[in-house]
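Next come the chains, spelled out residue by residue.
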Amino acid sequence: MNNNDFNYSSLVFDKKYRSRLILAIYIIIFVILIIFLRLNIKNTDNYSESNNEILNNEIVDNDNEENENLYIKSLFSYIDLNNYNFEFKIYYNDNIYVSSGKRFNRKYDFNLTDGSSTVNYLVSGELVKIKQNESYTVSMLPYFYINHFDNEILKEILASSRQISENSYEITNGILSSFVDSNYNLIVGDDELLNTIELDIKNNIIVGINMDFTNLFNDYDEVSLLKISLNYSDFGLVDDFDVNF
């Protein structure tokens, strides 16, 4: 059969052309399969690389967070002994309140003064009492908004802050507000305003913490200033003492 006599029916009825047609179909199918498999393998590799990159980033972030928490824990290692003398100053608006005394485990004995009068506090666990008229009455620890007597709160605040230099940190209003005592009905105006924390570190341990939380009250006319200065000394040197109410 020559080219002039060729017609499409030959592909069906002529064995020679039919074999060629079938072979051509198989070749086309084989080529399509190869292209499909190559595209699928490439997409799988890209997906795997993307997943590996995400996983690696998560591992790095988790490692960084864990290392940061370990670092903060080491800084608080002596404070966490719960055995020290202390002087805590609160700068609240135009007033300065100074608490100075000692701690042994869950017991405190300290005096609080505002410059004009002084009162004594005795604490045993959750029980807090203040001396008034030569007798002790149930009270609360003297702090504004954030319980700076609680070392766990201090550690969590620091862990939630962003380090900006060797001993300096900053924390947004939105995050800091979560540590405000539930007894206060604080509504934060600007979540993104920053508050600062400065650490006094000696021999790789914290001996002082200075916190400026004034920006937390940017929408409160009644609070123009809140700074807290915490100083610790004589770690492990405080003897056990009785708390006699």
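Here we summarise the structure given alongside this text. None of these values were measured; they are calculated from a predicted model.

1. Some thoughts on the environment of Leu-122
Within the secondary structure layout, Leu-122 lies in strand E4 (residues 118-124). The exposure class assigned to Leu-122 is buried, which follows from its relative accessible area of 5%. Taking the C-alpha atoms as reference points, Leu-122 and Phe-245, separated by 123 residues in sequence, lie 7.5 Å from one another. What Leu-122 contacts, discounting residues up to four positions off in sequence, is Tyr-108, Asp-109, Leu-127, Val-128, Lys-129, Tyr-136, Val-243, Asn-244 and Phe-245.

2. Describing the environment of Leu-158
Summarising the element assignment, Leu-158 is placed in helix H3 (residues 151-159). In this structure Leu-158 comes out as buried when scored by relative accessible area, which is 3%. Counting along the chain gives 18 residues from Leu-158 to Leu-176, while the straight-line C-alpha distance between them is 9.9 Å. Contacts of Leu-158, omitting those with residues within four sequence positions, involve Ile-72, Phe-76, Tyr-169, Ile-197 and Leu-199.

3. Comments concerning the pattern of salt bridges
Should the charged atoms of two oppositely charged side chains come close, the side chains can pair. Scanning the entire structure with this criterion turns up six salt bridges. Notably, a salt bridge pairs Glu-152 with Lys-155, separated by 3.1 Å at the nearest N-O pair. Taken as a pair, Glu-152 and Lys-155 lie in helix H3 at a separation of three residues, close to a single helical turn. On the basis of relative accessible area, Glu-152 is assigned to the partly exposed category, the value being 42%. Exposure remark for Lys-155: the relative accessible area of 15% places this residue in the buried category.

4. A short note on the pairing of strand E10 (residues 205-212)
Of all eight residues that make up E10, six are buried, and the element is covered over most of its length. With seven bridges joining them, strand E9 (residues 194-202) and E10 adopt antiparallel strand pairing. By the bridge assignment for E10, Asp-200 is matched with Gly-208. The hairpin formed by E9 and E10 contains two residues between the paired strands, and Asn-203 there has a positive phi angle of roughly 55°. Pairing geometry for E10 and strand E11 (residues 226-233), over five bridges, is antiparallel. Across the sheet, the residue bridging to Met-211 is Ile-228, located in E11.

Rules of the game
Residues numbered from 1 in each chain as written. Predicted model: local features only at pLDDT ≥ 70, side-chain atom pairs only at ≥ 80, totals over all residues. Heavy atoms only, no water. Helix = DSSP H or I, 4+ residues; strand = E, 2+ residues; numbered from the N terminus. Buried < 20%, exposed > 50% of the residue type's maximum accessible area, 1.4 Å probe, protein only. Contact = heavy atoms within 4.5 Å. Salt bridge = Lys/Arg side-chain N within 4 Å of Asp/Glu carboxyl O. Pairing = 2+ DSSP bridges.

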